[in-house]
Amino acid sequence: MAKMEVKTSLLDNMIGVGDMVLLEPLNEDSFINNLKKRFDHSEVYTYIGSVVISINPYRSLPIYTPEKVEEYRNRNFYELSPHIFALSDEAYRSLRDQDKDQCILITGESGAGKTEASKLVMSYVAAVCGKGAEVNQVKEQLLQSNPVLEAFGNAKTVRNDNSSRFGKYMDIEFDFKGDPLGGVISNYLLEKSRVVKQPRGERNFHIFYQILSGASEDFLCKLKLEQDFSRYNYLGLDSAKVNGVDDAANFRTVRNAMQIVGFMDHETQSVFEVVAAVLKLGNIEFKPESRVNGLDESKIKDKNELKEICELTGIDQSVLERAFSFRTVEAKQEKVSTTLNVAQAYYARDALAKNLYSRLFSWLVTRINESIKAQTKVRKKVMGVLDIYGFEIFEDNSFEQFIINYCNEKLQQIFIELTLKEEQEEYIREGIEWTHIEYFNNAIICDLIENNQTGILAMLDEECLRPGTVTDDTFLEKLNQVCATHQHFESRMSKCSRFLNDTSLPHSCFRIQHYAGKVMYQVEGFVDKNNDLLYRDLSQAMWKANHSLIKALFPEGNPTKINLKRPPTAGSQFKASVATLMKNLQTKNPNYIRCIKPNDKKAAHIFNDALVCHQIRYLGLLENVRVRRAGYAFRQAYEPCLERYKMLCKQTWPHWRGPARAGVEVLFNELEIPEEEFSFGRSKIFIRNPRTLFKLEDLRKQRLEDLATLIEKIYRGWKCRTRFLLMKKSQIVIASWYRRYAQQKKYQKIKSSAIIVQSYIRGWKARKLLRELKHQKRCNEAATIIAAYWHGTQARRELRRLKEEARNKHAIAVIWAYWLGYKVRREYRKFFRANAGRKIYEFTLQRLMQKYFLEMKNKMPSLSPIDKNWPARPYLFLDSTHKELKRIFHLWRCKKYRDQFTDQQKLIYEEKLEASELFKDKKALYPASVGQPFQGAYLEISKNPKYKKLKDAVDEKIIIAEVVNKINRANGKATSRIFLLTKNNVLLADQKSGNIKSEVPLGDVTKVSMSSQNDGFFAVHLKEGSGAAGKGDFLLSSDHLIEMATKLYRTTLSQTKQKLNIEISDEFLVQFRQDKVCVKFIQGSQKNGNIPTCKRKNNRLLEVAVP
Ligand SMILES: Nc1ncnc2c1ncn2[C@@H]1O[C@H](COP(=O)(O)OP(=O)(O)OP(=O)(O)O)[C@@H](O)[C@H]1O
Ligand SMILES: [Mg+2]
């Protein structure tokens, strides 16, 4: 098995030379060859001392994995092969352990890999610094701010597909433990001209393409956008798609990052609305209008886009439309409104778009800062990471490139200041022997640009502020006058160019010989861009927007806060912020990453010697190596040095009482460090070789470990001893307590034993005494008993006698008492208990009965005999009584009822009763008769004079006087007759005359026949041979048949004492003269209504049809 390789030095397995300081021989060719060799072996990092040279590999290398992070973590800078991680680790540890604020300065031209390098540094620091939920959130927010800013601030240029179009400096803040607390981002001048126009082959900012490719249809619809890039004038079309870039996926990443950084949903929405509005502004087009008052006017071609923008941003359409057509100028408190011609309108539109976007970008930075700012006020250590747009030379270079290159110039300056110049000056200051090394100092170029009187920026500002017509050409003229003699400035009109006769330089251009090369700037647009003018009407229109974000972006639009002072120009603003940055960087310990671009094709594996050579030259890398080589790798003031290493020498440990320098001398002598390896400066010790430093560090580490062991040993000893002493003390306490307890126990035991022994003796003594006392007592008792027995015998004898006597007396008394008792019992037995049950029973029964009757009294039904009500039976045993009572009550109330009757009523009821007995359930006519009172004398014969004769003829009492129909025996026809019944006779008289036709004594009436039906026919049968029977029986019909038959029956009974035979049959025989005729009742028709008809059928038959 192969032994695992453990690296202890960058010299191990080195390809070429890892640190250029070790390069031999040192010249440009060997330098480039070394870089190339390493590049070909995928070694993209090389050191110059502590500076890292990074060559963009243009491909992903497997050297940024978490394993690599672990490998470089807490290792010395020169221990492993050169890596950006080593620099990051060094910076982080120095910040954490030595409390030195750090800055990482990443320089190089566009596309050299600065942004990537800055991200690598940040991710390394994030990986190695503290962990924990809160810390992780801070880290995540810091890291996620990158994709957001890149989306809005980066764009594809011809040099770099992801070129930073803004400068960025980020301070990462840590606490004393090295845990990140938060961060602050500063941004520098966004190249906003890109929003409205992009050079050929370049794109607008990424976010526009991302939003169109990645947003859902729904979201696009909300933003009133369409997916098609070609719909938007502001999007350069020729390279809308970038190879290997997935805009849609990036959009998702950006949204996600915004969420992590802490953007609220409505904020994200507002941001995208502004982006959409900017994009749509480009689609507003203008056409010329007729001239009014000799002035050109423009008009918006298609207002649809304007309408949508206004809807998106909540701006009043008329306000915005006016702002695109007029410009108000305020002068001496007077407002003058002038119309805008087409060109001015387009200028206004683009200015608005640029301003809107760049202000949005600045807002984003502020908003991110709000999220990532440290939450505590504790002292912070800071690591700044500077990733600024790289030096760039385009075909057409304008104001932006001028600014960008100026910035790079300043960075080079600070590099020179801090490394080359400062280093050399320090040697001199410290009195160290030193041979000066020549290098190009670009301070002169910085001066050309930023000098307050004669600098280009000052000229530009002066020109912008000058009254009168100001154009880019007048600016160039001015430059030609002021800078003509400057050796780094060239223009067609300047002296230099005249001598050079440089016709390649066009008229409207000037050229600056930057540290990194000559750049020709087109003067066109300089004035405008520096002025950065936005018509006040537009900013006021924006301020009026009903969109909180847009409103906030244009605070100067607030009409109440009009500021007539000119805002600072873009150039002066940038100069000021760069100056602040430089000041800031100078307070920190710098760490350099110098990025080099290997080719112009953005391709992997290609190493263009000339291009690299050019960069090495202008970056001054060779000089850097030379200075490094001639000098010392490390220096430190004596105090911290002694403080750090004093433990390595007995004299200096733990305290050195003399001056620090003497201490360091003693220390170095003691350690036997070769003299050529170090030099003593005035205030610092200089160490030539890093290895010496490493040796010192290793010794220190070893010694610290020993010291730690010693401390540990002493501490352990102390701990054990304290523990022992404590245990000993405890043992004594425990032992004393235990002894006390044991003695207590023993004492208790002895005490209880003594008590037992004592009690035994006492017991024995007591028992002895008891025995004696008992004996004495028994003797006494014996005497007493004997005496008692004697007295007893005497007494018993006496008692027996007395008893005998008493018994006899008692027997008599008892017998007497028994006898008396017996007598008394016999007398009072009935009162005794033996009868009590029956008594109670009877009493109860009586009581119940009483109650029953009392209740019944209250519940009695009415006295009406037909009332069927009767209270329910309360007691079962009274069942028969109850029934009987009911019966008796009924009988009683019937009697009561009857008792009310007068004799006459009684008679009537007797008759009715008789009728009931005779006809009930026999004759159908009967039920109808029950309700009819029996009147008897229907005809009032005595009162009617017509019947005076009849009255006179009948002197008896008339029982019935009624008109009946007599049926003719021959034909069955009916004739009316008066029917009279007296006490003795039945009479038939003529109805008209009252002459008596027939008179039959009641004794001659043998029978009365009638049908069972509902008719009034009846036959009166006469005794054969009687006087009245000559003509035969009478067949009569009456409405009061029942009454008549009843009365006839009763009268006959009372007179003759014989019961009259009443035959009820539907067929009976009657004697007509000599014939016996059968009267037959049949069910007849209803022809005659309800009146029955009678017909003589033949000699033998008379038919009565009853309806
Ligand atoms: N270490 C690296 N590994 C792999 N690819 C890299 C590395 N560094 C840079 N690149 C590639 O080079 C491209 C350009 O790098 P980067 O954007 O960092 O350049 P820059 O120096 O920031 O340029 P600008 O000044 O234009 O912003 C990256 O998009 C990436 O594709
Ligand atoms: Mg960049």
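Residues numbered from 1 in each chain as written. Chains lettered and ligands numbered in written order. Predicted model: local features only at pLDDT ≥ 70, side-chain atom pairs only at ≥ 80, totals over all residues. Heavy atoms only, no water.

1. Some thoughts on the overall build of the protein chain
Piece 1. A tally of regular secondary structure across the protein chain gives 33 helices and 31 strands.
Piece 2. For 1107 residues, the compact-globule estimate of 2.2 N^0.38 gives 32 Å, and the C-alpha radius of gyration of the protein chain, at 74 Å, exceeds that figure by more than 25%.
Piece 3. Here the C-alpha coordinates of the protein chain stretch approximately 200 × 150 × 75 Å along the principal axes.
Piece 4. Scored against the burial criterion, the 1107 residues of the protein chain give a buried share of 46%.
Piece 5. Residue pairs at least 24 apart in sequence account for 64% of intrachain contacts in the protein chain once pairs closer than 6 positions are excluded.
Piece 6. A total accessible area of about 59900 Å² is found for the protein chain, and carbon and sulfur atoms account for 53% of it.
Piece 7. Averaged over its 176 positive side-chain charges, the protein chain has a centre that lies 20 Å from the centre of its 134 negative ones. (Helix = DSSP H or I, 4+ residues; strand = E, 2+ residues; numbered from the N terminus. Rg over C-alpha atoms; globule rule 2.2 N^0.38 Å. Buried < 20%, exposed > 50% of the residue type's maximum accessible area, 1.4 Å probe, protein only. Contact = heavy atoms within 4.5 Å. Areas by Shrake-Rupley, 256 points an atom, 1.4 Å probe, with all protein chains shown as cover. Lys, Arg positive; Asp, Glu negative; His and termini not counted. Charge placed at Lys NZ, Arg CZ, Asp CG, Glu CD.)

2. Examining the packing of helix 5 (residues 133–153) against helix 7 (residues 206–214)
Piece 1. Here helix 5 crosses helix 7 at 100°, and the two axes come no closer than 5 Å. The orientation of helix 5 with respect to helix 7, classified from their angle, is roughly perpendicular. Between helix 5 and helix 7, the contacting residues are Glu150, Ala151 and Phe152 on the first element and His206, Ile207 and Gln210 on the second.
Piece 2. A per-class count over the contact of helix 5 with helix 7 returns three nonpolar, two polar and one charged. (Axes fitted to C-alpha atoms, helices over the stretch in contact; angles between N-to-C directions. Parallel < 35°, antiparallel > 145°, perpendicular 65-115°, else oblique. Nonpolar A, V, L, I, M, F, W, Y, C, P; charged D, E, K, R; others polar.)

3. What about the site of ligand 1?
Piece 1. Close contacts around ligand 1 come from 19 residues, with Ser110, Lys114, Thr115, Ser163 and Ser164 the closest.
Piece 2. Alanine 112 places a main-chain nitrogen or oxygen 3.3 Å from an oxygen atom of ligand 1.
Piece 3. Serine 163 is positioned such that a nitrogen or oxygen atom in its side chain is 2.5 Å from an oxygen atom of ligand 1.
Piece 4. In isolation ligand 1 exposes 620 Å². Once the protein is present, 86% of that is buried.
Piece 5. Contributing elements (two or more residues each) for the shell around ligand 1: helix 4 (114–128) and strand 5 (163–164).
Piece 6. With three residues, the top contributor of residues to the shell around ligand 1 is helix 4.
Piece 7. Split into classes, the residues belonging to the shell around ligand 1 amount to five nonpolar, ten polar and four charged. (Near = heavy atom within 4 Å. Polar contact = N/O pair within 3.5 Å; in protein donor to acceptor, adjacent residues only side chain to side chain.)

4. Here we look at the coordination of the magnesium ion (ligand 2)
Piece 1. The coordination sphere of the magnesium ion (ligand 2), as far as protein atoms go, consists of Thr115 (OG1) and Ser164 (OG), spread over 1.9 to 2.0 Å. You can see threonine 115 sitting in helix 4 and its partner serine 164 sitting in strand 5, a full 49 residues away along the chain. (Donors = N, O, S within 2.8 Å, 3.2 Å for Na, K, Ca; no water.)

5. Structural notes on the environment of histidine 791
Piece 1. Within the secondary structure, histidine 791 is located in helix 27 (residues 690–828).
Piece 2. Placed 89 residues apart in sequence, histidine 791 and serine 880 show a C-alpha to C-alpha distance of 82 Å.

6. Things to note about a positive patch on the surface
Piece 1. Among the surface-exposed residues, Arg767, Lys768, Arg771, Lys774 and Arg778 lie close enough to one another that they form a single positively charged patch.
Piece 2. As for its placement among the helices and strands, lysine 768 is situated in helix 27.
Piece 3. A relative accessible area of 40% places lysine 768 in the partly exposed class. (Patch = residues over 30% accessible without salt bridge, like charges linked within 9 Å, V, L, I, M, F, W, Y side chains within 5 Å. Salt bridge = Lys/Arg side-chain N within 4 Å of Asp/Glu carboxyl O.)

7. Looking at the sheet that holds strand 13 (residues 489–491)
Piece 1. Within the open sheet, the three strands sit side by side as 13-14-15. Their pairing is antiparallel. Taken across any chain shown, the strands that pair with only one partner, and hence form the sheet edges, are strand 13 and strand 15 (517–522). Averaged over all pairs of adjacent strands, the angle between strand axes in this sheet comes to 25°, irrespective of strand direction.
Piece 2. Relative to strand 14 (residues 509–514), strand 13 runs antiparallel, the two sharing three bridges. Looking across to strand 14, one finds that serine 491 is bridged to phenylalanine 510. (Pairing = 2+ DSSP bridges.)

8. Some words on the pattern of salt bridges
Piece 1. According to the stated counting rule, one finds 60 salt bridges in the structure shown.
Piece 2. One salt bridge connects arginine 801 with glutamate 798, and the closest N-O pair in it is separated by 2.6 Å. Of the two residues, arginine 801 and glutamate 798 are both situated in helix 27; the distance of three residues between them amounts to about one turn of the helix.
Piece 3. Beyond isolated ion pairs, a larger network of salt bridges with shared partners links Glu226, Arg231, Lys280, Glu305 and Glu308.

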